[in-house]
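Fold and contact review
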Amino acid sequence: MGRIWILVGERLALGIITLIVVSALIFVGVELLPGDLAQQILGQSATPETVAALRHELGLDQPAVRRYLHWLFGAVQGDFGTSLANNRPISELLSVRLGNTLFLAAFAAAVSIPLALTLGVLAALYRNSIFDRLCNVVALIWVSLPEFFVAYVLILFLAVRVALFPSLSNIDPGMPFGELVYRSFLPALTLVLVVVAHMMRMTRAAIINVLASPYIEMARLKGMSRLRVILYHALPNALAPIINVVAINLAYLVVGVVVVEVVFVYPGLGQLFVDAVTHRDVMVVQSVGLVFAAAYILLNLIADVLSIVTNPRLMSEQR
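Structural notes, computed from the coordinates.

Thresholds, definitions, all that
Residues numbered from 1 in each chain as written. Predicted model: local features only at pLDDT ≥ 70, side-chain atom pairs only at ≥ 80, totals over all residues. Heavy atoms only, no water. Salt bridge = Lys/Arg side-chain N within 4 Å of Asp/Glu carboxyl O. Helix = DSSP H or I, 4+ residues; strand = E, 2+ residues; numbered from the N terminus. Phe/Tyr/Trp six-rings, centres within 6.5 Å; stacked < 30°, edge-to-face > 60°. Buried < 20%, exposed > 50% of the residue type's maximum accessible area, 1.4 Å probe, protein only. Polar contact = N/O pair within 3.5 Å; in protein donor to acceptor, adjacent residues only side chain to side chain. Patch = residues over 30% accessible without salt bridge, like charges linked within 9 Å, V, L, I, M, F, W, Y side chains within 5 Å. Areas by Shrake-Rupley, 256 points an atom, 1.4 Å probe, with all protein chains shown as cover. Expected span 1.5 Å × (residues − 1). Arc of directions from axis to C-beta. Contact = heavy atoms within 4.5 Å.

Under the definition given, this model contains five salt bridges. R67 is the partner of E31 in a salt bridge, and the nearest nitrogen-oxygen pair spans 2.8 Å. Taken together, the positions of E31 in helix 1 (residues 2–31) and R67 in helix 4 (residues 64–76) put the pair 36 residues apart, joining distant regions of the chain.

Pasting the structure below:
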């Protein structure tokens, strides 16, 4: 048990170091944007004195290293600064938008993960059957389609022609849960169709790879059914790659929803990020990028630890 906590501590320290490096890259990337931020805010008709005063107010006249450390230490304490577009605290904007994004990701994950695992197990159970081939063909088709195309097709058929769901997912925290689910159904369905194919194929491949092991053959020789062999012998030993692919897709559901949120005008972090880029609100851009990076790193760390804990061979390799 103590070894697990040491492992968690090592992975957590590595994650913190990675996040610091990513935060520096985000800051440098924003710094390399062309043009003067103060000049862009005030316009070309602003006098040099006015531009200099705004640069001093925003701290742009300070060295870049000092501004980065000030921003990083503030972010650690929950203070991301003030939005340049609406003069509101960025932490306030992030709290509402992050909640919406997490709700959409949880909605999509609650549907896609059980569905993908079930289809993957069944495809491995009936390998090379018509069901298996059909699942692979459909999965390849959905993997090949970009998110925005899937989103517009769903809008066309389920919002325009049939009018079952709204094409714009306007939600607010005061809505009843049923209304939230109804208005978020189309963006959630888009995410489900995008990620379920990948998870299903990886689950199938992981189980089939384990089925080639000698102990699986021994279980079959003992007269066990194919379903029992897969559920009780193959699936537990295939959990490590399955957990990794599920974590990657969960990270995508949180981080990669920018296009989907923009298409459906969903008020999440992705929409906030695009609006901030449009208005050149660099403080919000940096903050949203840092939240995305933290979510991605955290989910990958959890997947790494769970993969090692669920596989005794990986656990022994860490000794």
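Another aspect to go through is the packing of aromatic side chains. Scanning the entire structure with this criterion turns up eight aromatic pairs. Centroid distance F103 to F107: 6.4 Å. Interplanar angle 45 degrees. Geometry classified as tilted. Taken together, the residues F103 and F107, both in helix 5 (residues 90–125) and four residues apart, mark about one turn of the helix. For F107, a relative accessible area of 17% translates into the label buried. Here the aromatic cluster, defined as three or more aromatic residues joined through ring pairs, consists of F27, Y68 and W71.

Turning our eyes to something else, we now look at the side chain of R11. Secondary-structure assignment places R11 in helix 1. Side-chain polar atoms of R11 contact the side chain of D304, separated by 2.4 Å.

So, on to a nonpolar patch on the surface. A cluster of nonpolar side chains, contributed by F148, F149, Y152, V153, L156, F157, V160 and V259, occupies part of the molecular surface with about 710 Å² of accessible area. The element contributing the most residues to the nonpolar patch is helix 7 (residues 147–161), with seven residues. Secondary-structure assignment places V259 in helix 13 (residues 258–263).

Right, let's get into helix 11 (residues 226–237). The end-to-end C-alpha distance of helix 11, which contains 12 residues, comes to 16 Å, matching closely the 16 Å that a straight helix rising 1.5 Å per residue would cover. Here helix 11 has its buried residues at V229, I230 and A234. In a view along the axis of helix 11, the buried residues occupy a sector of 90 degrees, so they form one face of it. Against the buried residues of helix 11 lie helix 5, helix 9 (185–211) and helix 10 (214–221).

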